[in-house]
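Observations on chain architecture
Residue-level listing of the chains:
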Amino acid sequence: MSKLRPRPERGQLHLDRVLYGHSALGAPLLYFPAQSGNTHGLVLAGTHGDEVVAVVTLSCALRSLAADQLRHHVILAVNPDGCQLGTRCNARGVDLNRNFATKNWGGGDSAYRWNSATDSRDVKLNTGLSPVSEPETRALCRLIAKLQPAWAVSIHEPLACVEDPGTSDLGNWLASQFQLPLVKDVGYQTPGSFGTWCAQQALPCITLEFPPISPDAASEKYLHPLVGLISYDQ
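Residues numbered from 1 in each chain as written. Predicted model: local features only at pLDDT ≥ 70, side-chain atom pairs only at ≥ 80, totals over all residues. Heavy atoms only, no water.

1. Structural notes on the overall build of the protein
The cut-off we apply is this: Each helix is a run of H or I in the DSSP string that is no shorter than four residues. Each strand is a run of E no shorter than two, and both are numbered from the N terminus. The atom set for the radius of gyration is the C-alpha atoms, and the globule formula is 2.2 Å times the number of residues raised to the power 0.38. The buried label applies to any residue whose accessible area, calculated with a 1.4 Å probe on protein chains only, is under 20% of its type's maximum; exposed applies above 50%, and partly exposed to all values in between. Here, two residues are considered to be in contact whenever any of their heavy atoms come within 4.5 Å of each other. Throughout, the Shrake-Rupley method with a 1.4 Å probe supplies accessible areas, and for residues the shown protein chains are the sole cover considered.
Along its length, the protein carries 7 helices and 10 strands. The globule rule puts the C-alpha radius of gyration for 234 residues at 17 Å, and the 17 Å found for the protein is close to it. Seen through its principal axes, the protein has C-alpha atoms that stretch 50 × 35 × 35 Å. Burial status across the protein gives 52% buried among its 234 residues. Nonlocal contacts in the protein, meaning residues at least 24 apart in sequence, comprise 74% of its contacts between residues at least 6 apart. Within the structure as shown, the protein displays about 10,700 Å² of accessible surface, and the carbon and sulfur contribution to it stands at 49%.

Okay, here's the thing in structure tokens:
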């Protein structure tokens, strides 16, 4: 386990950050570049603005880790407008996780559950006027083309699993560390999703789904596993 900074020093982010674009409302899109190691992955959260637990907990991990121990690139909020507005979609009503240029992309409506206690996927969003129509999606695709990460881990909630189609060593490590089941799919189609796009780019992508949990509980329960992820060296 990487050595953590003293807790009184974790109030602010101390790591370098790099601008890689702007959101639909003009918010800066930022990533924290890896500071050590030769092979880098990409860890990202906040694709859906109503899934803020990972944003908070991943921030806690970044603030706890010494700068020279950050081995992988990190994006705290793919969708900063949604995070500010509390919406799953971006400011233009688009579910960014249905806006990537995949072979199965489809225009029109997308639907999701109002919360984890609701069975029906009946809350409508749209997938964009065309694939990669949104500035957040375009910027992320450009960044990945520039960084050429060896793998990606995209953090969501609240399905409580680790989705890894390749059942990789990293996927097994995540399942063990987070004490979540390892699955090959989440049981339903995700056209235009980041994971589907990554598969078409031959970029190994794991989706880490937190369970329904509060940010306070997650920052206690998952701090060390997330520190382990962003400093992963196996």
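Continuing now.
2. Side note on the side chain of Arg88
The following threshold applies: N or O atoms closer than or at 3.5 Å make up a polar contact, with two conditions inside protein: a donor-capable atom paired with an acceptor-capable one, and, for residues adjacent in sequence, both atoms drawn from side chains.
The topology assignment puts Arg88 in the loop between helix H2 (80-85) and strand E5 (109-113). Judged by its relative accessible area of 15%, Arg88 is buried. A polar atom in the side chain of Arg88 sits 3.3 Å from the side chain of Glu51. With sequence-adjacent residues up to four places away left out, Arg88 is seen in contact with Thr47, His48, Gly49, Asp50, Glu51, Asn79, Asp95, Tyr112 and Leu125.

3. Some details on the packing of aromatic side chains
Geometrically, a pair of aromatic rings is defined through the distance of the ring centres and the angle of the planes. For the record, the criterion: Pairing of aromatic rings covers Phe, Tyr and Trp, the last through its six-membered ring, and needs centres within 6.5 Å; plane angles under 30 degrees mean stacked, over 60 mean edge-to-face, and all others mean tilted.
This model, assessed by the stated rule, comprises 8 aromatic pairs. Where Phe210 meets Tyr222, the ring centres are 4.8 Å apart and the plane angle is 35°; that geometry is what we call tilted. With Phe210 in the loop between strand E10 (205-209) and helix H6 (215-221) and Tyr222 in the loop between H6 and helix H7 (223-230), this pair connects stretches of sequence that are 12 residues apart. The residues Phe210 and Tyr222 share a single accessibility class, namely buried. Aromatic rings pair up to connect Phe100, Phe194 and Trp197 into one cluster.

4. What about the side chain of Glu134?
Here Glu134 shows up in the loop between strand E6 (121-126) and helix H3 (135-147). Residue Glu134 is classed as buried on the basis of its relative accessible area, which comes to 2%. A polar side-chain atom of Glu134 sits 2.8 Å from a polar atom in the side chain of Arg92. When near neighbours in sequence (up to four residues on either side) are disregarded, Glu134 contacts Asn90, Arg92, Val94, Leu96, Asn99 and Gly128.

5. Thoughts on the sheet that holds strand E3 (residues 42-44)
Applied cut-off: Here the rule is simple: two strands pair whenever DSSP picks up at least two bridges between them.
Read from one edge of the open sheet, 6 strands run E4-E3-E7-E10-E8-E9, paired in mixed fashion. Either end of the sheet is taken by a strand with one partner, and the two such strands are strand E4 (73-75) and strand E9 (182-183). Summarising the sheet, strand E7 (residues 152-156) and E10 pair through 5 bridges and their orientation is parallel. Among the inter-strand pairings, Ala152 is bridged to a residue of E10, identified as Cys205.

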